[in-house]
Amino acid sequence: MLLELQKVTKSFGENRVLRGIDLKAHSGSAFGVLGRNGAGKTTMIRIIMEVFRADEGRVLLDGKPLKRGMLRTGYLPEERGMYPKKTVMEQLVYFGELAGLKSPAAKKNALRLLERLGMGDTAARKLQTLSKGNQQKIQFVATLIAEPELVVLDEPFSGLDPVNAMLLKDLVRELVAKGALVFFSSHQMNYVEEFCNEIAILHGGNIVTRGEISQLKRNHDRLRIVVQSSQSERIADFAKTLDFISGAKAEDSAVTIQMIAQENKGQLLSALSAQGFDIDSFAVWEPSLQDIFVNATKEVQV
């Protein structure tokens with residue numbers, strides 16, 4: 001399954017929120033959508049989910065215009081919306097029916113997912129009696145109740161403790177393994193990096209960076225070497241004497257060394273080895289996803 005956005009634009013009054021978005025995402029993978037507040041992430045997601053239409057451009061599924069009913073979808077919005085005075089099972093069955101399930105199938109799926117999350121005893125309880133974290137897990141169950149093929153998760157782990165986050169992460173991994181297409185939007189970069197092979201970074205309504213995370217990291221400046229060693233101060237002092245090194249800084253048990261050219265990597269390792277330093281690791285520094293995000297949204301002018 002291939003989902004495509006082609007030249008998608010959207011304005012609200014004079015505010016142009018999306019400015020010609022092009023994007024491709026394949027089933028059996030998680031695709032990360034990143035951006036500052038107001039970048040257009042939620043608008044793009046709502047167009048994919050057919051909450052509203054694009055002003056221009058197309059959303060295609062396997063080359064055909066995406067229309068309601070072409071695939072099963074699940075949407076976990078950042079703004080949670082359930083019914084606090086209704087029981088958990090009442091509203092899960094209701095959401096299952098909205099997604100096209102018959103009542104018995106909705107109840108069966110709800111019970112299975114509740115048990116999976118250790119919440120089988122909450123089915124008859126009113127939502128408002130549950131903790132905030134457990135209410136969020138119920139909303140997650142509502143998102144997955146119809147076994148969706150396309151899942152959009154907007155800040156899914158916000159406010160969850162590590163144990164509950166782990167339970168939900170396992171379900172997301174299973175969705176991907178079963179061939180679902182997961183769109184993942186979060187300000188928590190560690191989660192995006194954990195789940196997603198590919199990302200798109202939105203800024204001012206444009207996609208300013210896209211691609212596989214591993215390749216985006218490799219495209220970055222690879223002139224920095226990080227050496228882990230208990231002799232970091234001595235290594236830094238020695239590195240500064242080498243004519244192909246432009247700087248070195250020790251911090252705790254690591255030293256960051258700036259080379260003049262990528263070809264100097266072998267020379268540096270040989271020089272350090274010749275001095276007999278006790279080296280635990282020697283690696284090219286790679287930016288974190290947060291570094292990539294900050295650089296992409298800081299440098300681009302819209």
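Refer to the structure above for everything that follows.
Right, let's walk through the structure included here. Note that the structure is predicted; figures quoted are calculated from it, not measured. (Residues numbered from 1 in each chain as written. Predicted model: local features only at pLDDT ≥ 70, side-chain atom pairs only at ≥ 80, totals over all residues. Heavy atoms only, no water.)

### A look at the environment of Leu 61
As a reminder of what qualifies: Numbered from the N terminus, helices here are DSSP runs of H or I no shorter than four residues, and strands are runs of E no shorter than two.
Position of Leu 61 among the secondary structure elements: in strand E4 (residues 56-61). Along the chain, Leu 61 and His 26 lie 35 residues apart, while their C-alpha atoms are 9.9 Å from each other.

### Some remarks on helix H2 (residues 88-98)
Defined as follows: Throughout, exposure labels follow a simple rule: accessible area from a 1.4 Å probe, protein chains only, divided by the maximum for the residue type, with under 20% read as buried, over 50% as exposed, and the rest as partly exposed. Contacts between residues were defined by any pair of non-hydrogen atoms, one from each residue, lying within 4.5 Å.
Here H2 has its buried residues at Val 88, Met 89, Gln 91, Leu 92, Val 93 and Gly 96. Buried residues along H2 sit against helix H3 (103-116) and helix H4 (132-144). Positive backbone phi, at 105°, marks Gly 100, one or two positions downstream of H2.

### Regarding the sheet that holds strand E10 (residues 206-212)
One key point about sheets: their strands pair by backbone hydrogen bonds, in either a parallel or an antiparallel sense. Put simply, the rule reads: Strands qualify as paired when DSSP identifies two bridges or more between them. Note on definitions: angles span 0 to 180 degrees between N-to-C directions of axes, and those axes are lines fitted to C-alpha atoms, for helices only across the stretch in contact.
Ordered by their spatial adjacency, six strands build an open sheet running E6-E7-E8-E3-E9-E10, and the pairing between neighbours is mixed. Looking along the sheet, the strands with just one partner apiece sit at the ends: strand E6 (73-76) and E10. Mean inter-strand twist for the sheet, computed between neighbouring axes without regard to direction, equals 15°. As paired elements, strand E3 (residues 29-35) and strand E9 (residues 198-203) share five bridges and run parallel to each other. Within E9, the residue paired with Gly 35 across the bridge is Leu 202. The sheet contacts of H4 involve E6 and strand E7 (150-154), and relative to E6 the element is tilted by about 160°.

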